[in-house]
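Single-letter residue listing:
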Amino acid sequence: MSNKVVIGAQWGDEGKAKITDLLAQDADLIIRYQGGCNAGHTVVAHGKTFKFHLIPSGILYKGKTCLIGNGTVILPEYFEQEIEGLKKENIDLSGLKVSPLATITMPWHTEVDGYSEDNAKKGKIGTTKKGIGPTYTDKMARIALKIQDLYSPEALNEKLDVILPLKNKQLKEVYGLKTYSKEEVLALCDKYAKLFEPYVCFDWQEMLQNFKRENKKILFEGAQGVMLDVDFGTYPFVTSSNPVGGGAATGSGYGPTVINEVIGVAKAYVTRVGEGPFVTELTDETGDRIREVGHEFGVTTGRPRRCGWFDAVTMKYACLVGGLTSIALTKIDVFDRFDEIKLCTAYKDTRDGKIYTSYPTDVYIHKYLEPVYESHKGWGVDITGIRKYEDLPLNARKYLERLEEVLATPISIVSVGPDREQTICK
Ligand code: GDP
Ligand code: IMO
Ligand code: MG
């Protein structure tokens, strides 16, 4: 196996965790490189369902190293819950490591996120309220705490003298929220220090060097998806990190040169949670049917996901900006009983008839766009037990081959069910 990055190629929830878990069998080191517990990653193995938020989806295998990388933001209370849940399931956590350079989500970050969402009159994003945007904002403003600060009384003391007066002024005057005393924050940091202590990887440089030198296999696990990327997604209706393949280079400790492949995970249709444009969205009974058959409800927030037909315009864009070398197509089994499957190959501007085959990045015009569809015939049989590409019904293969043609990118994996076993590797 070469070193692979698994990323979401749509708006998240494409089945990245299933693909990561599958590929983790052959990997030695699995790294989550961006995002935080806004992610909800589901793995089904041996008939059991596991839900991860921060912990890499490779943790179910014994003897693998799973690193929560520097590019992530960590909400300690959520991390604790996740750890406790896995301990109850007797999952071996001895390979779990946390980068000392990861950023901590403090209580004020979740409070500001919640406040902004609840009070937005215009421009509501529909965030997961896990403090993601405010934490990354402070990281970029250079006023965030990193995991390593928890173990350096000097750094913590000096940083809090800078951070707290600023934060408290903002919390009080801008948001009318509770302020924090230094004693209170130090007590909290003390608690966090104990929580993270067994996992912090202070020798991460040597560890990463060794994996590289020994030619061990590295798997990078992305969260969210290309269309939620802060640079390339439907800005401002995005998350605050870089889910594109390039994010693995800045969020892990390895540069881009160790990466051999980028696998973009995409569903056979599209879903989105939260606000923002979605040209192929179906608000009719077909959308409801996809949601019901595909069980499209959020792992992190339980929200019903918005559903629509496969959008090859955004996917072509994702192939480019995500840096995809191949696609893992999931949930094609959801269409087993559909007579017709539509595929959006272009957008039409309802104002002047202009046709877009490339993705228009100005999302404020998306409300004027309608999808141009081609129609594909369903296959009418259960494909969840199929394990070989040649055994798929002809119409399913035709649909997949048409996708490869339109996207000019090969499909390397076809997923026909949630279980680890329900996979076809081409
Ligand atoms: P992630 O965030 O990208 O890891 O995806 P989620 O876990 O949020 O959502 C994907 C959902 O689809 C989970 O419930 C998976 O168990 C499920 N799933 C993944 N692949 C398939 C598939 O090929 N078919 C079906 N029916 N379900 C799948
Ligand atoms: P996984 O890794 C789907 C969405 C939120 C919102 C926007 C910003 O499971 O695919 P945030 O809390 O990040 O500031 O919210 O991004 N979002 C996701 N949607 N899957 C996710 O993660 C998501 N993480 C964030 O719904 O629209
Ligand atoms: Mg998810």
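See above for the structure.
Thresholds, definitions, all that
Residues numbered from 1 in each chain as written. Chains lettered and ligands numbered in written order. Predicted model: local features only at pLDDT ≥ 70, side-chain atom pairs only at ≥ 80, totals over all residues. Heavy atoms only, no water. Phe/Tyr/Trp six-rings, centres within 6.5 Å; stacked < 30°, edge-to-face > 60°. Helix = DSSP H or I, 4+ residues; strand = E, 2+ residues; numbered from the N terminus. Buried < 20%, exposed > 50% of the residue type's maximum accessible area, 1.4 Å probe, protein only. Lys NZ or Arg CZ within 6 Å of the ring centre and 35° of its normal. Pairing = 2+ DSSP bridges. Near = heavy atom within 4 Å. Polar contact = N/O pair within 3.5 Å; in protein donor to acceptor, adjacent residues only side chain to side chain. Areas by Shrake-Rupley, 256 points an atom, 1.4 Å probe, with all protein chains shown as cover.

## Concerning the packing of aromatic side chains
- The tally for this structure, following the rule as stated, stands at 13 aromatic pairs.
- Consider the rings of Trp11 and Phe278, whose centres lie 5.4 Å apart with planes at 45 degrees: the pair is tilted. In this pair, Trp11 sits in the loop between β1 (4–8) and α1 (16–24) while Phe278 sits in the loop between β11 (269–272) and α9 (285–293), placing the two residues 267 residues apart along the sequence.
- Among the residues examined, Trp11 registers a relative accessible area of 5% and is labelled buried.
- Both rings, one in Phe79 and one in Phe196, keep their centres 4.9 Å apart while their planes meet at 35 degrees; by these two values the pair is tilted. Of this pair, Phe79 sits in helix α2 (residues 76–88) while Phe196 sits in helix α6 (residues 182–196), and the two are 117 residues apart along the sequence. Each member of the pair, Phe79 as well as Phe196, is classed as buried.
- Put simply, the rings of Tyr269, Trp309, Phe335 and Phe338 touch in pairs and so form one group of aromatic residues.
- For Arg289, the ring lying beneath its charged end belongs to Phe338, and the centroid distance is 3.9 Å.
- Looking at Lys426, its charged tip hangs above the ring of Tyr389, at a distance of 4.6 Å from the centre.

## Re the pairing of strand β12 (residues 306–311)
- Among the six residues in β12, six count as buried, and that is most of the element.
- Pairing analysis gives four bridges linking β11 to β12, with the strands arranged antiparallel. In the sheet register, Thr271 faces β12, and the bridge partner there is Cys307.
- Looking at chain direction, β12 and strand β14 (residues 340–349) are connected through two bridges and run parallel. Residue Phe310 lies in a different strand from β14, and its bridge partner there is Leu343.

## Thoughts on the site of ligand 2
- With respect to spatial proximity, 21 residues lie near ligand 2, and among them Asp13, Lys16, His41, Thr128 and Thr239 are the closest.
- Within the side chain of Lys16, an N or O atom sits 2.7 Å from an oxygen atom of ligand 2.
- Thr128 is positioned with one of its side-chain polar atoms (N or O) 2.5 Å from an oxygen atom of ligand 2.
- When ligand 2 sits alone it has 550 Å² of accessible area, and the protein chains cover 97% of it.

## A closer look at the site of ligand 1
- Around ligand 1 there are 19 residues in total, and Gly15, Lys16, Thr42, Asp333 and Ser415 lie nearest to it.
- Between ligand 1 and the protein, one listed contact pairs a nitrogen atom with a side-chain N or O atom of Asp333 at 2.8 Å.
- A distance of 2.5 Å separates an oxygen atom of ligand 1 from a polar atom in the side chain of Ser415.
- For ligand 1, whose accessible area on its own is 580 Å², the fraction buried by protein is 91%.

The values reported here are purely geometric and, on their own, carry no functional implication.
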